[in-house]
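# Summary of the model geometry
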Amino acid sequence: MLAPHVPPSSITRLIYNCFHHRFRSVQGPLLGIQKRHASGRSIEKFTRRTNSSIATTQGTPASPKMASQKDNPKPKPKPSVPRPSSSVVLISPKNEVLLLHRVKTSTSFASAHVFPGGNLSEQDGKCPPVEDLRRHDDAIWYRNAALRELFEESGILLAKDQNSGQMLAVSEEEREKGRRAIHQNKMTFSRWLKQQNPAAIPDTGRLIPFTRWITPTNAPRRYTTQMYLYFLPLPLESEKSLLGEIPAEGEREEFQIPTSDGGVEVTEARFLPASEWLRMAGTGEVMMFPPQYLLLHLVSQFLDREHRVPDSVHELRRRRTELVDFVHSGTPPWTEKCISPKMLKVSSDGRTVLALDHPGPELKDSDRQGEPDRVVLVQFKKGAAQQVEVRWKKDILLEAKEKSSL
């Protein structure tokens, strides 16, 4: 079976939807055509122009202006500058993953399930200028933004006392007041932290870089997004915690329950095993775009690889260690991979095959690289991502070669 043809312009829009935008219907120009009414009066009917040769196909020679436009096409507009943003893959004490359900009106992944995150703000630190390649490197301003956005969107606070190293404990009521004030720009995240504890700072040191994603160049809005991993503390082993014993200050962290932000950007926030999120995406219960799906796919291979043993702290720790070892492995390691998805082909079932080995034009003169071995298959329909799947690139290319030889 021949693969259905998908116009390149469509694929550009579809890939762009993976990054922070929804489709808008764009209407083409109107072409006025004179028609003679039966009564002898002329009426003008407007029809949509579908191609530049419509004048000649109607028996009317093309105007000099149209011919000039054909001979001298408009130059392609310059790609927009990627806006810095960051996101965090948060792992719970039970090795589950936090996803947020975006509101339908969101300009970023509308109606999709996503990791908490968002754009950098001036309060996060000064990001290098556009021409500086360090703009696309992991840095404190990306880390600050990841934890600030996590707090705003889910209410989970990851901060510590810089003198004692103990995690900051703030009541749920105070956290709710704080996240609203920060989201409404009534105060900065840093200032709010100092009000809770003068020595409080975001716990940026435990963030582990986990790929960077750059929006393809044909998208009107582009982003350079740093992804991170963060592991919440494991529960204490049962034999170390006697019934009724009060833990010493800072010995055990309170598990913060994620909540929505009241429907401003998020309608739901919850932890589930990565494998369960993937299952729900496969059945259409939730929608996820390629960046989220790929990272969940990788996380699930370690945290959910075997039967889950939620009460075994030793097993939870072992699986975390294996995931961290994987993130630091590869060429380049997943901590350094920079991915700008690019259409490779269309599969026989009509899904778009996205190559992940391109770092984007901003980094073409650098040594940054993407993921060379895997691809993502996805079907885009009315701005939604469906039938997302991660495959080995070699298998996809082999299948295409075998079909072409038939």
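Residues numbered from 1 in each chain as written. Predicted model: local features only at pLDDT ≥ 70, side-chain atom pairs only at ≥ 80, totals over all residues. Heavy atoms only, no water.

Per an unreviewed UniProt entry, the protein is named Nudix hydrolase domain-containing protein, and its organism is Aspergillus leporis.

This paragraph deals with the overall build of the protein. Scanning the protein from terminus to terminus reveals ten helices and 16 strands. For the protein, with 406 residues in total, the buried portion stands at 45%. In the protein, once contacts between residues fewer than 6 apart in sequence are set aside, the share between residues at least 24 apart is 63%. Only carbon and sulfur atoms are counted for the fraction: they give 52% of the accessible area of the protein, which is about 22,100 Å². (Helix = DSSP H or I, 4+ residues; strand = E, 2+ residues; numbered from the N terminus. Buried < 20%, exposed > 50% of the residue type's maximum accessible area, 1.4 Å probe, protein only. Contact = heavy atoms within 4.5 Å. Areas by Shrake-Rupley, 256 points an atom, 1.4 Å probe, with all protein chains shown as cover.)

What follows is about the environment of Asp-138. Among the structural elements, Asp-138 can be located in the loop between strand 6 (117-119) and helix 4 (140-154). Residues Asp-138 and Thr-225, 87 residues apart in the sequence, show an inter-C-alpha distance of 9.8 Å. Of the polar contacts made by the side chain of Asp-138, one reaches the side chain of Arg-143; its length is 2.8 Å. Polar side-chain contacts of Asp-138 include one of 2.6 Å to the side chain of Tyr-228. (Polar contact = N/O pair within 3.5 Å; in protein donor to acceptor, adjacent residues only side chain to side chain.)

Contact geometry of helix 7 (residues 274-283) with helix 8 (residues 290-303) gives a least axis separation of 8 Å together with a crossing angle of 135°. One finds that helix 7 runs oblique with respect to helix 8. Crossing angle aside, the handedness with which helix 7 passes helix 8 is left-handed. Of helix 8, the residues touching helix 7 (which contributes Ala-274, Ser-275, Trp-277, Leu-278 and Ala-281) are Tyr-293, Leu-296, His-297, Val-299 and Ser-300. Here the residues of the contact of helix 7 with helix 8 are counted per class, giving seven nonpolar, three polar and no charged. (Axes fitted to C-alpha atoms, helices over the stretch in contact; angles between N-to-C directions. Parallel < 35°, antiparallel > 145°, perpendicular 65-115°, else oblique. Left-handed = near helix turned anticlockwise from the far one by under 90°. Nonpolar A, V, L, I, M, F, W, Y, C, P; charged D, E, K, R; others polar.)

What follows covers the confidence of the model for the protein. Per-residue confidence for the protein gives a mean pLDDT of 81; residues scoring 70 or more make up 73%. Low pLDDT, under 50, characterises residues 20-60; the predicted model gives this stretch 53 contacts beyond four residues in sequence or across chains. Considering only residues more than four positions removed or in separate chains, one finds that residues 237-253, a stretch of pLDDT under 50, has eleven contacts. (pLDDT = per-residue confidence, 0-100.)

Okay, the pattern of salt bridges next. Enumeration over the complete set of coordinates arrives at 25 salt bridges. Across the pair Lys-337 and Glu-371 runs a salt bridge, and its minimum N-O distance is 2.9 Å. Taken together, the positions of Lys-337 in the loop between helix 9 (313-327) and strand 12 (338-339) and Glu-371 in the loop between strand 14 (352-355) and strand 15 (374-381) put the pair 34 residues apart, joining distant regions of the chain. Looking at Lys-337, the relative accessible area reads 2%, which means it is buried. Under the relative-accessibility criterion, Glu-371 is labelled buried at 2%. A salt bridge links Glu-371 to Arg-374; the nearest nitrogen and oxygen atoms lie 3.2 Å apart. Across the pair, Arg-374 and Glu-371 agree in class, each one buried. (Salt bridge = Lys/Arg side-chain N within 4 Å of Asp/Glu carboxyl O.)

Moving on, we come to the packing of aromatic side chains. The geometry of an aromatic ring pair is captured by the separation of the ring centres together with the interplanar angle, meaning the angle of the planes. Tallying each qualifying case throughout the model produces four aromatic pairs. One aromatic cluster is present, formed by Phe-151, Phe-189 and Trp-192 through successive ring pairs. Stacked on the ring of Tyr-142, the Lys or Arg Arg-212 has its end atom at 4.3 Å from the ring centre. (Phe/Tyr/Trp six-rings, centres within 6.5 Å; stacked < 30°, edge-to-face > 60°. Lys NZ or Arg CZ within 6 Å of the ring centre and 35° of its normal.)

Where a strand is regular, its side chains alternate between the two sheet faces. Burial analysis of strand 4 (residues 97-102) places five of its six residues in the buried class, which makes it a mostly covered element. Where strand 4 meets strand 5 (residues 113-114), two bridges bridge the pair, whose relative direction is antiparallel. Residue pairing for strand 5: Leu-100 is matched across the bridge by Val-114. (Pairing = 2+ DSSP bridges.)

One open sheet holds the four strands; their spatial order is 13-14-15-16, and the pairing between them is antiparallel. Each end of this open sheet is capped by a strand with a single partner; those strands are strand 13 (342-346) and strand 16 (384-392). Strand-to-strand twist in this sheet, taken as the mean axis angle between neighbours without regard to direction, amounts to 30°. Judged from the four bridges that link them, strand 13 and strand 14 form a sheet pairing that is antiparallel. Directly across from Met-343, in strand 14, lies its bridge partner Leu-354. Sheet strands in contact with helix 8 are strand 14, strand 15 and strand 16, and its direction is about 40° off that of strand 16. Taken strand by strand, helix 10 (residues 393-404) contacts strand 13, strand 14, strand 15 and strand 16, and its axis lies near 95° from that of strand 16.

It is worth spelling out the packing of helix 4 against helix 5 (residues 172-183) at this point. Remark: helix 4 packs on helix 5, axes separated minimally by 8 Å, with the N-to-C direction vectors making an angle of 115°. The angle between the axes of helix 4 and helix 5 places the two elements in the roughly perpendicular class. With respect to the hand of their crossing, helix 4 and helix 5 are arranged in left-handed fashion. Judged by residue contacts, Arg-148, Phe-151, Glu-152, Glu-153 and Ser-154 of helix 4 engage Arg-175, Gly-178, Arg-179, Ile-182 and His-183 from helix 5. Partitioning the contact of helix 4 with helix 5 into residue classes produces two nonpolar, three polar and five charged.

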